[in-house]
Every structure is written in structure tokens, then in C-alpha cells.
Amino acid sequence: MRELINKILCPTDGSITAEKAVDFAVRFAKLLEVPLTFLLVSRITEESASEIRYRGSTLIEAANLQDFMELSSAHGVAAEAGVAKVDCARVYARRNVAAAIIEYAEEEKFSHIVMGSMGRTGVARILLGSVAADVVHKAHCPVTIVR
């Protein structure tokens, strides 16, 4: 299995399902003794903040702090579990979070993605879409979905 999976990516957003995916990814990386990277896709950039009526550095600072806290939490879980190689990364995507995850995974040559999914079905799935479903359908590597 180690020959097939040599680098795991775990997108996180601080949600309950993402936290479950973090726990799974940590156990998986430790079991396989492979590097683990947590990825946060931020939607707030200097440019997007400038389009909001009540813009300013406060919005960007709050977003940066939230991103830092989410990545620090995931990193802490991995460090506590004894995962040898853990990294954190942040990318920006205004609309298509799935595309940002897929692009990062391809560029950085990840061999496996572990992520959470709310498991929406029916009308909710049609109206809201699913980042996890898009990643599963378009990723270059295997994807494990945690609920």
C-alpha cells in the first residue's frame, strides 16, 4: 500500500465532517508512515474583501486568524498522534473550491486525498452542489470520503 500512497492531502474547513476527515487522515498517514498535508481553501482575498461594502483590514485579519486556527488545530491532531511529516497550506478560490483542491493536489503530486462530506442528497445536492463529489469525479488520484 505504501508504494501506492506516498503523500496524503486532507482539505479542511473546520466543519464537523472535516474534523472527522482530519482524524482519519492522521490515522491513515501514521499507519502508512507517509507525509500528510492539510489544505485550507480560503475564499477571502484582498481583492474579494475590497468588493464588500464594509471592507477593510478587519475582514482579512479575521479570515486569516480563522484559517490559522483551523490549520493549527489539524496540525496539532497530527503532531499529537506522532505523524512524522505534517505540513499545512492555504490556497485561494473565489468560487470553485473543488477545482482549487484538485489543482493543488496535482501540482504537488499527492497520491491520495482524504476529505469530509456532508452527504447531501436530493434537492439539497442539486442546489448546493458538493465539493467532495466534484473532487471524487475530477481528481487525478484516489479520494477517500469521510462522513
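Above this note sits the structure.
Draft legend 1. Looking closely at the packing of aromatic side chains. Within this structure, the stated rule accounts for 2 aromatic pairs. It is lysine 7 that lies over the ring of phenylalanine 110; its NZ or CZ is 4.8 Å from the centre.

Draft legend 2. Looking closely at the nonpolar core. Ile8, Leu36 and Phe38 are the most contacted members of the largest nonpolar core, which has 21 residues in total. Elements with a minimum of two residues in this core: β1 (8-11), α1 (16-32), β2 (36-42) and α3 (57-81). Sequence-distant contacts of phenylalanine 38, defined by excluding residues within four places in its chain, comprise Cys10, Thr12, Val22, Val26, Leu71, Ala74, His75, Ala78, Val86, Asp87, Cys88 and Ala89. In this structure, Leu39, Val91, Ala98 and Ile101 belong to the second largest nonpolar core, which totals 20 residues.

Draft legend 3. Looking closely at a negative patch on the surface. On the surface, a cluster of negative charge is contributed by Glu103, Glu106, Glu107 and Glu108. The residue glutamate 106 is located in helix α4 (residues 97-107) in this model. Overall, glutamate 106 belongs to the partly exposed group, its relative accessible area being 40%.

Draft legend 4. Structural view of the packing of α4 against helix α6 (residues 131-138). Between α4 and α6, the shortest axis-to-axis distance is 8 Å and the interhelical angle comes to 40°. If you check the angle between α4 and α6, you find them oblique. Read as a crossing pair, α4 and α6 show a hand that is right-handed. On α6, the residues touching Val97, Ala98, Ile101, Ile102 and Glu106 of α4 are Val131, Asp134, Val135 and Lys138. Across the contact of α4 with α6, the residue classes break down as 6 nonpolar, no polar and 3 charged.

Draft legend 5. Geometry of a nonpolar patch on the surface. Nonpolar side chains collect at one region of the surface, where Leu65, Phe68 and Met69 lie side by side and expose about 340 Å² of accessible area between them. Among the secondary structure elements, methionine 69 is positioned in helix α3.

Draft legend 6. Spatial organisation of unusual backbone geometry. For glutamate 33, which is not a glycine, the phi torsion comes out positive at approximately 55°. Of note, glutamate 33 is situated in the loop between α1 and β2. Classification of glutamate 33 by relative accessible area gives exposed; the value is 62%. Phi is positive for lysine 109, which is not a glycine, with a value near 60°. Relative to the helices and strands, lysine 109 is located in the loop between α4 and β4 (112-116).

Draft legend 7. Molecular detail of the side chain of glutamate 70. Along the chain, the position of glutamate 70 falls in helix α3. No salt bridge is formed by the buried glutamate 70. Its closest oppositely charged neighbour is arginine 90, at 9.0 Å. Those residues in contact with glutamate 70 that lie beyond four places of it in its chain are Asp13, Gly14 and Leu40.

Conventions used here
Residues numbered from 1 in each chain as written. Predicted model: local features only at pLDDT ≥ 70, side-chain atom pairs only at ≥ 80, totals over all residues. Heavy atoms only, no water. Phe/Tyr/Trp six-rings, centres within 6.5 Å; stacked < 30°, edge-to-face > 60°. Lys NZ or Arg CZ within 6 Å of the ring centre and 35° of its normal. Core = buried A, V, L, I, M, F, W, Y, C linked by side-chain atoms within 4.5 Å. Buried < 20%, exposed > 50% of the residue type's maximum accessible area, 1.4 Å probe, protein only. Helix = DSSP H or I, 4+ residues; strand = E, 2+ residues; numbered from the N terminus. Contact = heavy atoms within 4.5 Å. Patch = residues over 30% accessible without salt bridge, like charges linked within 9 Å, V, L, I, M, F, W, Y side chains within 5 Å. Areas by Shrake-Rupley, 256 points an atom, 1.4 Å probe, with all protein chains shown as cover. Salt bridge = Lys/Arg side-chain N within 4 Å of Asp/Glu carboxyl O. Lys, Arg positive; Asp, Glu negative; His and termini not counted. Charge placed at Lys NZ, Arg CZ, Asp CG, Glu CD. Axes fitted to C-alpha atoms, helices over the stretch in contact; angles between N-to-C directions. Parallel < 35°, antiparallel > 145°, perpendicular 65-115°, else oblique. Left-handed = near helix turned anticlockwise from the far one by under 90°. Nonpolar A, V, L, I, M, F, W, Y, C, P; charged D, E, K, R; others polar.

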